Amino acid sequence: MPITVLNPDEEMRRVNLEISECQKWIINNYQDFQTKYPDEHIAVHNKQVIDHDKDIQILLKRLGAQYWDFRHISIRFISKEKVTLVI
């Protein structure tokens, strides 16, 4: 059976693209998340909230027990207050 070796640069580009897409999805759905997860941290994978908690340490422990690779998970704090971004 042939062995496939991943190019680290290609793998990093793919991971960065996944994270970027998740971040866009979070921003586009932020108001909905403010209702569902006020003042909580959410963990997102493949444009889906996979876990959430007010305490990030507890969230990270649960994620660590369930997933060995955090590179594909976006974690974001959802403030119940309106957020103004300054770029």
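The structure this text deals with has already been given above.
The paragraphs below set out a description of the structure included in this document. (Residues numbered from 1 in each chain as written. Predicted model: local features only at pLDDT ≥ 70, side-chain atom pairs only at ≥ 80, totals over all residues. Heavy atoms only, no water.)

**Considering the overall build of the chain**
- If you tally the helices and strands in the chain, you get three helices and three strands.
- Moving toward the C terminus, one meets the helices and strands of the chain in the order α-α-β-β-α-β.
- Taking the contacts inside the chain whose residues are at least 6 apart along the sequence as the reference set, 51% of them involve residues at least 24 apart.
- Surface exposure of the chain reaches about 6700 Å², of which carbon and sulfur atoms provide 56%. (Helix = DSSP H or I, 4+ residues; strand = E, 2+ residues; numbered from the N terminus. Contact = heavy atoms within 4.5 Å. Areas by Shrake-Rupley, 256 points an atom, 1.4 Å probe, with all protein chains shown as cover.)

**Topic: the pattern of salt bridges**
- The full count for this structure, using the stated rule, is seven salt bridges.
- Across the pair Glu21 and Lys24 runs a salt bridge, and its minimum N-O distance is 3.7 Å. Taken together, the positions of Glu21 and Lys24, both in helix α1 (residues 8-28) and three residues apart, correspond to about one turn of that helix.
- Between Arg62 and Asp51 there is a salt bridge, with its nearest N and O atoms 2.8 Å apart. Here the residue Arg62 occupies a position in helix α3 (residues 56-66), and Asp51 occupies one in strand β2 (residues 49-53), the gap between them amounting to eleven residues.
- Residue class for Arg62 comes out partly exposed when judged on its relative accessible area of 28%.
- A relative accessible area of 12% means that Asp51 is categorised as buried.
- The network of salt bridges with common partners includes Glu21, Lys24 and Lys47. (Salt bridge = Lys/Arg side-chain N within 4 Å of Asp/Glu carboxyl O. Buried < 20%, exposed > 50% of the residue type's maximum accessible area, 1.4 Å probe, protein only.)

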